[in-house]
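In case you want the letters, here they are:
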Amino acid sequence: MHNFALPLFLQVKRNAVGHLQENLHLYLPELEHGRFLVLTTAGLLQTLAPKVKILLAQIPAYQVETVATSSFDFAVQVAKQVSMGGFNAVLGLGGGTALDTAKYAAYVAGVPYIAIPTTLSNDGVCSPVSVLFAEGGRKHSFTSKIPDGLLIDTDIILKAPRVLMEAGVGDILSNYTALFDWRLACREHGERPNDFAYLLSAQAVNALLHSRVQTFESIEGVKMLAESLVLGGLSMSIAGNSRPCSGSDHLFCHALDELYDHHLPHGIVVAIGTIGACILQGRPYQPLLAFLRAYGIDINPEHRGITREMFVKAWLYAPEVRKERYTILNKCQLTEAKFNQIYDVMLREC
Ligand SMILES: [Zn+2]
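In this text the structure is predicted, and so the values were computed from the model without any measurement. (Residues numbered from 1 in each chain as written. Predicted model: local features only at pLDDT ≥ 70, side-chain atom pairs only at ≥ 80, totals over all residues.)

Focus: helix H5 (residues 96–109)
Part 1: Between the first and last C-alpha of H5 there are 19 Å, a value that for 14 residues agrees with the 20 Å anticipated at 1.5 Å per step.
Part 2: By the criterion of burial, H5 is predominantly enclosed, with 13 of the 14 residues buried.
Part 3: Note on H5: the residue one or two positions beyond its end, Gly 110, has a positive phi of about 70°. (Helix = DSSP H or I, 4+ residues; strand = E, 2+ residues; numbered from the N terminus. Expected span 1.5 Å × (residues − 1). Buried ≥ 20, exposed ≤ 12 C-beta atoms within 10 Å, placed from the backbone.)

Remarks on helix H15 (residues 336–349)
Part 1: In a regular helix each residue adds 1.5 Å, so 14 residues correspond to 20 Å; H15 covers 20 Å between its end C-alpha atoms and thus fits that length.
Part 2: All buried positions along H15 are accounted for by Phe 339, Ile 342, Tyr 343 and Met 346. Buried residues of H15, viewed axially, fall in a sector of 105°; they line one side. The outward face of H15, more than 90 degrees from its buried face, is lined by the exposed residues Ala 337, Gln 341, Asp 344, Arg 348 and Glu 349.
Part 3: The inward-facing, buried residues of H15 abut helix H12 (266–280) and helix H14 (308–321). (Arc of directions from axis to C-beta. Contact = placed C-beta atoms within 7 Å.)

Side note on the domain arrangement of the protein chain
A common measure of how large an interface is: the accessible area buried when the components associate.
Part 1: If you check the domain split of the protein chain, you get domain 1 (9–157) and domain 2 (162–349).
Part 2: Once you take the C-alpha centre of each, domain 1 and domain 2 turn out to be 27 Å apart.
Part 3: Listed as interface residues are 18 residues of domain 1 and, on the opposing side, 24 residues of domain 2.
Part 4: Mapped by element, the contributors of at least two residues to the side of domain 1 that touches domain 2 are strand E1 (9–13), strand E8 (149–153) and helix H6 (154–157). (Domains from an automatic or database assignment.)

Some points on the nonpolar core
Part 1: One finds Val 82, Val 90, Ala 105 and Leu 225 to be the most contacted residues of the largest nonpolar core, which totals 111 residues.
Part 2: When residues in this core are grouped by element, the largest group, 11 residues, is from helix H10 (residues 219–239).
Part 3: Here this core gathers at least three residues from each of two domains, domain 1 (9–157) and domain 2 (162–349).
Part 4: Those residues in contact with Ala 105, other than ones at most four positions away along the chain, are Ala 75, Val 78, Ala 79, Val 82 and Val 90. (Core = buried A, V, L, I, M, F, W, Y, C linked by C-beta atoms within 7 Å.)

Describing the pairing of strand E5 (residues 113–117)
Part 1: Counted residue by residue, E5 has five buried out of five residues, so it is predominantly covered.
Part 2: Bridge analysis of strand E4 (residues 89–94) against E5 gives five bridges, and the strand direction is parallel. Within E5, the position partnered with Gly 94 by the bridge is Pro 117.
Part 3: Since E4 and E5 lie parallel, the crossover through H5 that links them has a hand, and here it is right-handed.
Part 4: As judged from the two bridges shared by E5 and E8, these two strands associate in the parallel manner. When the sheet's bridge partners are listed, Ile 114 is paired in E8 with Gly 149. (Pairing = 2+ DSSP bridges. Right-handed = clockwise from strand over helix to strand, strands pointing away.)

Considering the environment of His 19
Part 1: Topologically, His 19 is positioned in the loop between E1 and helix H1 (20–27).
Part 2: Sequence separation between His 19 and Asp 298 is 279 residues, and the spatial gap between their C-alpha atoms is 36 Å.
Part 3: Among residues more than four places away in sequence, those in contact with His 19 are Gln 11 and Leu 151.

As for the environment of Leu 173
Part 1: On the secondary structure map, Leu 173 appears in helix H7 (residues 162–173).
Part 2: When the C-alpha positions of Leu 173 and Asp 298 are compared, they lie 14 Å apart, and in sequence the two are 125 residues distant.
Part 3: Beyond its immediate chain neighbours, meaning those up to four positions away, Leu 173 contacts Val 205, Ala 271, Thr 274 and Leu 288.

Okay, here's the thing in structure tokens:
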């Protein structure tokens, strides 16, 4: 058995940052008068100046630190600052750079962590993992903690570039193929299933696929996306690993990251990987494509700058990225011809 925690509050609404104090009062009253270390990035202090002002006005004692690079060393240094400086909580405002650092520092220092994401581009928002730059400037996933409270301000999210929300959708979509891979690994590779984690991850993707909200560019759309990303994060927390949300779909993404210097958001590459994984799994991928089309999300690899060569090489390399992760890739004959074929299908149908 392992331990897992759940967030105490999750608010998705207009001006959510204006409700910090009210939420602390209700859910974490011991922090109402606590000292906060606020982590964000320099750019956001400027672009979100009015929101930052509203936020800080509700905290009686705070110190603001900006994160330049989300490195492991910096996160540890922040954890030390939290412990030595007598801070009672860490609050992260921003995207992955600020939040992964804040999350890890709070985890190491053993204090509550409040997250205010400014984008909804991946399920890291509420996952028990921090992705930080470690030795040699390479990204590494570190065990961390999920937030004790989340405030998702739709005013902020709706102003972020659309591609980031598209990426968030892509990251959730991969639960569809990740769950298949996980089940396969339980059946054939002695991995441990967890029905409740499975249920939450399936719920996260199904809520999106079968939603009647036909856009992400509305408060209702943001709420749906945020809740699905949070459910995905919780499913990983309950499973004690990333299996419910990461299968061959993510191995493709990790392989592409290692082989090429691309600038595509994680969730876009994962969505492309999801269609490939779905084809390899022999399952109908048309419903996923129809969904993406309906929401205007283009995952044609060529349109996204992934050439045939990149696509084929990344798939062939994918099983090497995390050898212990058993997926459909362990069951298939992986040939150049097969991935060329899948590339053709995607050029034609995406
Ligand atoms: Zn992901």
